[in-house]
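Residues per chain, in single letters:
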Amino acid sequence: MRAAYLELHIAVFLFGISGLFGKLLDDSPVTIVLGRTLFAAIAIYIGLKLFRKSLSASPKSLLLMSLSGVVLAMHWAIFFHSIQLSSVAIGLIGFSTFPLFVTLLEPLIFTQRYRATDLLTAVLVFFGLLLVVPEFDLGNSATLGLLWAILSGALFGVLTLINRKLVETNSFLTVAFFQHSSAAVCMLPFVVVAANNIDANSLLLLLILGVVCTALPQILFIKSLKRVKAQLASIVAGLEPVYGIGFAALLLGEVPTLQTIVGAGIVFAAVILAMKLHTIPGAVPPENKDGT
């Protein structure tokens, strides 16, 4: 469980940094997603070869991985659109509402009972994130960006539950590879139609985004779901805006207010509470076919 928690937190940290690329890159969201998923898929494929892992999967799993890749592409395209429309903070805040969607959907999909503590920690994260929002006005871009980001969070919540199902019978590397490959194929027609040109600087940033801030954290996040419930993983992911806002302050000059700091404190408290409530000593996950 300690290793799973560490993997989960590293993944969330790197995911938080990835939000900054929405501002660092002047390219369209679909171009960013194509570059991100393409480089990620290549990095994951290299990892598969280095560790001599197989890409074999059942036809049903391959279909689900491909469909989930489309969900992944939509999630990231909408996420970067929200950041370009508003700010890194707003995009991360809206996206991080996804624990609420996971908490409500997971018991229905996996026939589990609702727990009051699950709902409580999700609500704490939600209200903590609300404190970071400057204002709620449908007439400004910040609010529109927030709404798009919430939609992005809903899609990621669905993706989290799909991943939990997929890693029960498939290698997490296999899942990550097919998802990113499918996402890249999904975005390719949109980029071709737009005929966007990518300069050397953008290419380098997309490489960093795809390998360091996508392939690595995506693998760690999916792998952690082998031991950690999707609800807990989604609660810990609530730290993503805290990391993202911190780096946005350092690199982009978006200095957080006292209200933002208070919201971050509530999020941290909810994460610690969730980790203590969901720790199950001696939990052993099912072993995948390829031994990972």
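One can find the structure itself at the top, above this paragraph.
Residues numbered from 1 in each chain as written. Predicted model: local features only at pLDDT ≥ 70, side-chain atom pairs only at ≥ 80, totals over all residues. Heavy atoms only, no water.

(A) The arrangement of the environment of Val242 in detail. Mapping Val242 onto the fold places it in helix H12 (residues 240–252). Judged by its relative accessible area of 21%, Val242 is partly exposed. In the structure, Val242 is positioned 150 residues away from Leu92 in sequence and 8.6 Å away in space, judged by C-alpha atoms. (Helix = DSSP H or I, 4+ residues; strand = E, 2+ residues; numbered from the N terminus. Buried < 20%, exposed > 50% of the residue type's maximum accessible area, 1.4 Å probe, protein only.)

(B) Spatial organisation of the side chain of Arg36. By secondary structure assignment, the location of Arg36 is in helix H3 (residues 29–50). Looking at Arg36, its side chain comes within polar contact range of the main-chain oxygen of Cys213, at 3.3 Å. Apart from the residues lying within four places of it in its own chain, the contact partners of Arg36 are Phe15, Ser18, Trp76, Phe80, Leu206, Leu209, Gly210, Cys213 and Thr214. (Polar contact = N/O pair within 3.5 Å; in protein donor to acceptor, adjacent residues only side chain to side chain. Contact = heavy atoms within 4.5 Å.)

(C) Up close: the packing of aromatic side chains. Applying the stated criterion across every chain, the model contains nine aromatic pairs. Ring geometry for Phe156 versus Phe221: centroids 5.9 Å apart, planes at 55°, classification tilted. Highlighted residues: Phe156 in helix H8 (residues 141–166) and Phe221 in helix H10 (residues 200–224), separated in sequence by 65 residues. Each member of the aromatic cluster is reached from another via a ring pair, and the members are Phe15, Phe79, Phe80, Phe95, Phe156 and Phe221. (Phe/Tyr/Trp six-rings, centres within 6.5 Å; stacked < 30°, edge-to-face > 60°.)

(D) Geometry of the nonpolar core. The biggest cluster of nonpolar side chains holds 74 residues, and the ones touching the most others in it are Ile44 and Phe221. With residues up to four places along the chain from it excluded, the contact list for Ile44 reads Leu173, Ala176, Phe177, His180, Ala215 and Ile219. (Core = buried A, V, L, I, M, F, W, Y, C linked by side-chain atoms within 4.5 Å.)

(E) Main features of a nonpolar patch on the surface. Taken together, the side chains of Leu104, Leu105, Leu108, Ile109, Leu119 and Val158 define a hydrophobic patch exposed on the protein surface, amounting to about 510 Å² of accessible area. At four residues, the largest contribution of residues to the nonpolar patch is made by helix H6 (residues 98–109). With respect to the helices, strands and loops of the structure, Ile109 is situated in helix H6. (Patch = residues over 30% accessible without salt bridge, like charges linked within 9 Å, V, L, I, M, F, W, Y side chains within 5 Å. Areas by Shrake-Rupley, 256 points an atom, 1.4 Å probe, with all protein chains shown as cover. Salt bridge = Lys/Arg side-chain N within 4 Å of Asp/Glu carboxyl O.)

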